[in-house]
Amino acid sequence: MKFKIVTWNVNSIKTRVDQLIGFIKVHNPDIICLQELKCEEKSFPLDFLSHLPYNFYIHGQKTYNGVAILSKFPADEIKVDFLNNPLPDQARFIEICFSNFLGLCRIVCLYAPNGGEVGGDKFRTKLEFYDQFISYVSSLISYDEKLFICSDFNIAPFDIDVHNPEMLKADTCFTYTEKAKMRTLLNLGLVDNFRITHQAKKEFSWWDYRAGAFEQNKGMRIDSIISTTNSIRFLEDCFIDYKMRTLEKPSDHAPVVAIYA
DNA sequence: ATGGTCGGAACCCGA
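Chemist: Please explain the sheet that holds strand β1 (residues 3-9) as it appears in this structure.
Modeler: Strands pair in a sheet through their backbones, by hydrogen bonds, and they do so in one of two ways: parallel or antiparallel. Read from one edge to the other, the open sheet built from six strands follows the order β3-β4-β2-β1-β14-β13, with strand pairing classed as mixed. Bordering the open sheet on either side are β3 (55-59) and β13 (235-240), each of which pairs with just one other strand. On average, adjacent strands in this sheet sit at an angle of 10° to one another, irrespective of strand direction. Across five bridges, the pairing between β1 and strand β14 (residues 256-260) is antiparallel. Across the sheet, residue Val-6 finds its bridge partner in β14, namely Val-257.

Right under this line is the structure:
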């Protein structure tokens, strides 16, 4: 038995629907967490996707944000927000749980705020968002289930996760303060699936559209699947499918895939 | 090099 989870910031699901279908044909994941749908649930392109063997759990929003979980397993429970979220009107969170051969599984799909200018209002809200999210996750950790958080965290955790740590240390997504939030989250008892399977690999999941960043591989690893330690003995591999970033009209993010067996 | 390029919406905003 295999269990395959994907997280992908699509930067508009309507624009990326053909790429998503192609990706599903190649990888056939059990769970697909999508971020930045940029559409409401009623305009989610189900016409093109509903023939696929998934249950669709969508928390949409017009123009901005929007998250979804495509799951081969029907959900026993669905949540579209977490306690004390400082941005409750922004569709950045959806969570489901179900059972499979691993036991009880809980999947959190998160689109963390970007943060804007370091030190600005949006930056402070990002830190507050993390504080409340960490508090929420700490309440889930004690559950006797496997927890998978699939996210565009908008934080690159360590020096190895950015192309130039010295140049970026004062920039949003790589400040000391943001990295500290990421460590606090991981220290609750979660493992970064990519980093534990590839300890020395300098690979990225996001590259700016501007200034030929992808061509020069000037990116950041800000998208991850992190899971509770009880799932790690089943983890076979975790990789970033950067080929998706080479396609015509790509998302600025590449999908991250984790395989459990 | 403080620019550059996308997507969705309305001709700007967020990333």
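Alright, that's what it looks like, and here's the rest.
Chemist: Would you take a moment to explain the nonpolar core for this structure?
Modeler: In summary, soluble globular proteins display a tendency toward joint burial of nonpolar side chains. Formed by 32 residues in total, the largest nonpolar core has its most connected members in Phe-3, Ile-5, Ile-31, Ile-69, Ile-107, Phe-148 and Tyr-260. Residue assignment for this core shows that the elements contributing at least two residues are β1, β2 (31-35), β4 (67-71), β6 (93-100), β7 (103-111), β8 (146-152), β13 and β14. The leading source of residues in this core is β7, at four residues. Those residues in contact with Ile-31, other than ones at most four positions away along the chain, are Phe-3, Lys-4, Ile-5, Val-6, Ile-69, Leu-70, Ser-71, Phe-73, Phe-98 and Ile-107. Judged by nonpolar contacts, the second largest core, of 24 residues, contains Val-17, Cys-39, Phe-44 and Phe-56.

Chemist: What should I look at first to understand the pairing of β7 in this one?
Modeler: When a strand is regular, its side chains alternate between the sheet's two faces. The buried fraction of β7 is high, at seven of nine residues. For β6 and β7, the ladder comprises eight bridges, and the chain directions are antiparallel. Its bridge partner being in β7, Asn-100 is matched across the sheet by Gly-103. With seven bridges connecting them, β7 and β8 associate as parallel partners. Note on β8: the bridge partner recorded for Cys-109 is Cys-150.

Conventions used here
- Residues numbered from 1 in each chain as written.
- Chains lettered and ligands numbered in written order.
- Predicted model: local features only at pLDDT ≥ 70, side-chain atom pairs only at ≥ 80, totals over all residues.
- Heavy atoms only, no water.
- Pairing = 2+ DSSP bridges.
- Helix = DSSP H or I, 4+ residues; strand = E, 2+ residues; numbered from the N terminus.
- Axes fitted to C-alpha atoms, helices over the stretch in contact; angles between N-to-C directions.
- Core = buried A, V, L, I, M, F, W, Y, C linked by side-chain atoms within 4.5 Å.
- Buried < 20%, exposed > 50% of the residue type's maximum accessible area, 1.4 Å probe, protein only.
- Contact = heavy atoms within 4.5 Å.

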